[in-house]
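Tertiary structure, described
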Amino acid sequence: MANTVIIGAQWGDEGKGKIVDMLSAQSRVIVRFQGGNNAGHTIRVKGEETILHLIPSGILHEGKICLIGNGVVLDPEVFLREADHLKARGIDVSPARLGISKKAHLIMPYHKSLDKAREAKRAGHKIGTTGRGIGPCYEDKAARVGLRAGDLANPELVRQKVRHALLEKNVLLRELYKYDTLDEAAVCDELLQLAPRLIPYLTDVESRIHEAVNAGGDVLFEGAQGIHLDIDHGTYPFVTSSNTVAGNASAGSGVAPSRLDRIVGIVKAYTTRVGSGPFPTELLDDTGSYLRSNGHEFGATTGRPRRCGWLDAVILRETVRLNGLTDIALTKLDVLRNLPALRICVAYDCQERRFEYLPQEEGALERVTPVYEELPGFEEDISQCSSFADLPAAVQTYVRRIEELTGVKVSLISVGADRQQTIVR
Ligand code: IMP
């Protein structure tokens, strides 16, 4: 299958879980390279649903090796809870097939407190974070004061780093945010209590990827969130705190960029967004509500209703050029059924100018007017279609138009939540 990177092409929640799950079947090793348990991948196999926030969803495939790369921020409790949950379902989560990079940073209780305290204080201009401590953990990484998974084997280092962190964080929590402070000994003891269960999972992720690549490849790099939540290229400041672009598969896992062969962008057949931030094609009317209810658009991580809107080819074009997409996997096409017409935003207008790519100034996206193209809708149930030729003409036209607008082939089409409901072209 070659070494493949999967990324979300929009603002996350494109249905990556299902596609990752499918491609995992053809891979030997599956690697997460950024984000943390702010992600939520829902996979449905034979009617049974599993939501994974941290552990790569490839774990559901027997015998596959799943690795958590250095670019991930890892909440130790969440990792163990997910592992326990999977184990209770009879899934092998032994260290032989599940590993954590010693360089991955740990999300600490003070990161979660700061995330929540800051959001509460940002009244009126909230980012709408998931509150999982993701941003504050990456901040400590960049500030070079973070705890890394490998530190768990050195209790003295853990205590020293926690002491140093709390010196500053407790002042912020108490004085600035009027929030509960954290007790140094309790934070250390709780973490060190979990250490014996986590240490066996610590591994040299780079070497394991390198060996797999040299043995013939088939490594799958599973991105989280979406390209327009990227810390640099996304709709800053309404973004997550990591690079979600495919290039980070390399930095976030230790694989050389020249070893990556295929970049698959997951595109939802319409657009959704959770949290705050600009969204030019957002529908605040009945069509938006229809997409939300028909597409079950409620966050897998926070349960928040997702904002819904028409497909936006401008953000997709940007995704294509930032990531060098080789293929598109189009998801949730069935959700568009019974809409009288389908719209695709093909450009933006702003102050007498037409944009085919995103304007770069902060806040500019709030001021654009989408330019729409209208295509026919469809009434047929497509959830059982198993080939492109089976799809009604209007659906084929919609898919082909996406290919024209992005210049990328749509090689997979998902017409329902189950693994089987996928058309491979
Ligand atoms: P954070 O990643 O928790 O800091 O949240 C920053 C922004 O990214 C917020 O708007 C979140 O709603 C959004 N976000 C984070 N993770 C995901 C995801 O997996 N899917 C969609 N949006 C996400």
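Just above, that's the structure.
Conventions adopted
- Residues numbered from 1 in each chain as written.
- Predicted model: local features only at pLDDT ≥ 70, side-chain atom pairs only at ≥ 80, totals over all residues.
- Heavy atoms only, no water.
- Helix = DSSP H or I, 4+ residues; strand = E, 2+ residues; numbered from the N terminus.
- Contact = heavy atoms within 4.5 Å.
- Buried < 20%, exposed > 50% of the residue type's maximum accessible area, 1.4 Å probe, protein only.
- Pairing = 2+ DSSP bridges.

With that settled, consider the environment of tyrosine 110. Position of tyrosine 110 relative to the elements: it lies in helix α3 (residues 109–121). Considering only alpha carbons, one finds tyrosine 110 and threonine 406, 296 residues apart in sequence, at a separation of 43 Å. Once residues lying within four places of it in the same chain are set aside, the contact partners of tyrosine 110 are Asp140, Leu147, Val162, Ala165, Leu166, Lys169, Leu182 and Val187.

Looking only at helix α4 (residues 134–142), the buried set comprises Ile134, Gly135, Pro136, Cys137, Tyr138 and Asp140. Its buried side turned inward, α4 meets β6 (73–74), β8 (105–106), α3 and α5 (155–176). Taken from the residues just after α4, arginine 144 is the one with a positive phi, measuring 65°.

Further remarks concern the pairing of strand β2 (residues 29–32). Judged by which residues are buried, β2 turns out to be covered on both faces: Val29 and Val31 on one side and Ile30 and Arg32 on the other are all buried. Pairing between β2 and strand β5 (residues 65–68): four bridges, direction parallel. Paired with valine 29 across the bridge in β5 is isoleucine 65. In this sheet, strand β10 (residues 219–222) lies alongside β2 in parallel orientation, the contact comprising four bridges. Bridging across to β10, valine 29 finds its partner in valine 219.

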